[in-house]
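Listed below, chain by chain, are the residues.
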Amino acid sequence: MHMGMQLDSHRQPRRPLMSSFISDQPEKVALESTERTSSSSRRDAARRVLMTLLMGFTFYYFFFQPATFVAHHSKHHPKQSRPALPWSGKDQCKQVPALTPRVGNYSEIRDKIHGDEFKLFAANTLSKAVTFPTVSFDDLGEVDSDDERWLTREPFIDWLRQAFPALHEKFTLERVNKYGLVYTWEGTNSSLKPVVLMAHYDVVPVADRTIDQWTYPPFDGHYDGEYVWGRGSSDDKNQLLAGLQAMTLLIDEGFVPSRTIIFSFGADEEISGSHIASGLGPHLVNKYGKHGVEVVVDEGAGFFAAWGQNFATPATGEKGHVNVRITLNAPGGHSSIPYAHTAIGVAADLIKRIERHPYAPAIHDNSPFLGLLHCANEHAPEFPKAYSKLLRHRPTVESLHISRNDVELSKGKRGKKEKGHGKGRGKPDHLAKAIIEHENLGDIVRYLFQTSLAVDTIRGGVKVNALPEQVEFVVNHRVNVGERVADVLERIEGLAKKTAREYNYTLRSFDGSELHSSGGSARIIRLATDNVLEPAPVSPLDSTAWAVLSGTIRAVFGEDTIVAPGLMTGNTDTRWYWNVSPNIFRYNPSRVQGVGKIHTVDENMPISGHLDAVSWFWTFIRNMDEQR
């Protein structure tokens, strides 16, 4: 057990965590003080000599290289317009000690959660939750339509009332967009900002052709004593129930929150949340104001092992998203008298051109992956020295060259290209390149710092012997943190313009403007977008919320776990919560997960991992409640 900061329950409320964490006062506080011991007189003399040299160096950088100066030295010049980065300075991965609540017997609660009685309760409720086929289909109609597939949500909501009666007595339930659930227990101290714990209870479909491949039927919720099997067991009914089960334990203990606690559950996350979850974030903003919530925790990243070290990586950001829909129209006719290149052939050539020009990897200043690398540099025993050197000498983002792979890009109506984004400018990101070339970590790591593209769908042609008159394909992009959707659109315009010129097609851009004319030809390439989302704001690491989150992780999973910022390559319902709180963390608090089976055959959840999540939620709720 990691008792950490457990204190006597009769003592006064603890000092705000971050005031201890970042304090420059000499007093001893609960978290490690950042006070540094004074230097020796000999070191002081050396420093005076060094400062004399630095004055000349600073003069040069300030007047001749201002952008670089601000990027490297904003920490020492707080009046500069650009703020210090969360992982700038010498202490780039300070770890919060294990943080356990003062109130409540932490050791006894952990033993109770992992005991046979509670284990059976947790397993049975998760098993029952899986039996509700709350499936989200891509073609679901509007919530108020006559699409009966929405009705699968109602029995699950009714069951929650039966399964958690004590919770429903304490919490007020509001329904948003019909099936969105907002449970609120008002705290006794209205000056404290609420805590929001998110989850979703919808699941992806099960393909009929795969049902026979399941070890147990996907909606039976079979529990074999070690695993709960079925669709939704690990995405995301487990996280929803872990929070409610932890809350039930707290209610049984007589817990009364000082800080308002909110559970916010979506019912259409698997189809981007546009029907239901889209109303949950605005509902909370209307109720508490913009950034009126202290912290939001949703499903997300978990644990990551590399370079001889185990990391917990709560995601502090998400990549952006955009689907580019490209439609080609051409005259039809009988295929016995074909054109040199049909619309399908031209589309194939454009697809090949797009895939041959992937986006360059780039670890930008605000990338959570950069924070992970700094943590690895300080705490991972096998972190390569070459990476450490590249980190120390890493250029600022302004000088990085986001490679266009020698593609001539059209300016279109987006104006002048930004510095560092044009052909032949700046330098490649050697650190990103080195990690890709030398680490056997696969694409799952590459795409933490590289915009991805994937041609996912294509349609064209209606019959053999009939020349295709229309072909359409969609390219899905996940936009790197530090880059923009506009970068993707500009790239596609440049590539499509080359194809239009080569095959004499008119090119109509995203805004309807004509970027290239074929001189009256009926051959047209049209560009359009859908599901556009910029990369999420990156949550700060200098907040009470991050400190409590980190301390709770190390209390539950051990102080040998290094907590570092992570990143989601996909998107969660937090896309609708950006105005709810600046502190949004996407984290699955379970070291043992069935993550390899999410969205596929034999999805399952180890009950031991689920109980870890219950422990984490119990500890986090109490820890947050004790902060002032």
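Our subject in this report is the structure included herewith. Numbering of residues starts from 1 in every chain and runs along the sequence as written. At least 70 in pLDDT is required for a residue's local features to be given in this predicted model, at least 80 for side-chain atom pairs to be given and counted, and no such filter applies to totals for whole chains, interfaces and linings, which use all residues. In computing side-chain properties, one takes all heavy atoms of the structure into account and sets aside hydrogens as well as water.

1. Things to note about the environment of Pro606
To keep things clear, this is the line we draw: Counting from the N terminus, the helices are the DSSP runs of H or I reaching at least four residues and the strands are the DSSP runs of E reaching at least two.
Residue position: Pro606 is located in strand S19 (residues 604–606). Between the C-alpha atom of Pro606 and that of Val228, which follows or precedes it by 378 residues, the distance is 6.4 Å.

2. Describing helix H10 (residues 343–355)
To keep things clear, this is the line we draw: By this rule the span expected of a helix is its residue count minus one, scaled by 1.5 Å. Each residue's exposure class comes from its accessible area (1.4 Å probe, protein chains only) as a fraction of the maximum for that residue type: buried when under 20%, exposed when over 50%, partly exposed otherwise. Throughout, the arc means that of the directions going from the helix axis to the C-beta atoms. Note on definitions: a residue-residue contact is assigned when non-hydrogen atoms from the two residues lie within 4.5 Å.
Compared with the 18 Å implied by 1.5 Å per residue over 13 residues, the 18 Å span of H10 between its first and last C-alpha is a close match. Among all positions in H10, only Ala343, Val346, Ala347, Leu350, Ile351, Arg353 and Ile354 are buried. Down the axis of H10, the buried side of the element spans an arc of 160°, and every buried residue falls inside it. The elements touched by buried residues of H10 are strand S10 (320–329), strand S11 (452–460), strand S12 (470–479) and helix H15 (485–503).

3. Observations concerning the sheet that holds strand S15 (residues 524–533)
Heads up, the rule is: At least two bridges found by DSSP between two strands is the condition for calling them paired. Helix axes are fitted to C-alpha atoms over the stretch in contact, other axes to C-alpha atoms as well, and angles between N-to-C directions run from 0 to 180 degrees.
The sheet built from six strands is open, its strands ordered S11-S12-S10-S15-S13-S14 with mixed pairing. Because the sheet does not close on itself, it has two edges, and the strands there are S11 and strand S14 (514–516). Averaged over all neighbouring strand pairs, the angle between strand axes comes to 20°, with direction disregarded. As paired strands, S10 and S12 are joined by ten bridges and run antiparallel to one another. Counted as the bridge partner of Asn329 is Gln470 from S12. Those strands touched by H10 are S10, S11 and S12, and its axis lies near 15° from that of S12. Of the strands in this sheet, S10, S12, strand S13 (506–508), S14 and S15 touch H15, which is tilted by about 165° from S15.

4. A few points about the nonpolar core
If you look at soluble globular proteins, the nonpolar side chains tend to sit buried side by side. Worth spelling out the cut-off: Here, nonpolar core refers to any group of buried Ala, Val, Leu, Ile, Met, Phe, Trp, Tyr and Cys residues whose side-chain atoms link them within 4.5 Å.
Judged by nonpolar contacts, the single largest core of 73 residues is most densely connected at Leu160, Met247, Trp616 and Phe620. No other element matches helix H17 (residues 607–625), which puts ten residues into this core. Ignoring sequence-local partners within four residues, the contact set of Phe620 consists of Val195, Leu197, Val295, Val297, Val548, Leu549 and Thr552.

5. Concerning the pattern of salt bridges
Side chains that differ in charge, positive against negative, can pair when their charged atoms come close. The cut-off we apply is this: The term salt bridge refers to a side-chain nitrogen of Lys or Arg lying within 4 Å of a carboxyl oxygen of Asp or Glu.
Scanning the model with the defined rule gives 16 salt bridges in all. Asp139 serves as the salt-bridge partner of Arg149, at 3.0 Å between the closest nitrogen and oxygen. Of the two residues, Arg149 sits in the loop between helix H5 (116–130) and helix H6 (153–163) while Asp139 sits in the loop between H5 and H6, which places them ten residues apart along the sequence. Judged by relative accessible area, which is 54%, Asp139 ranks as exposed. Residues participating in the shared-partner salt-bridge network are Arg325, Arg459, Glu472 and Asp530.

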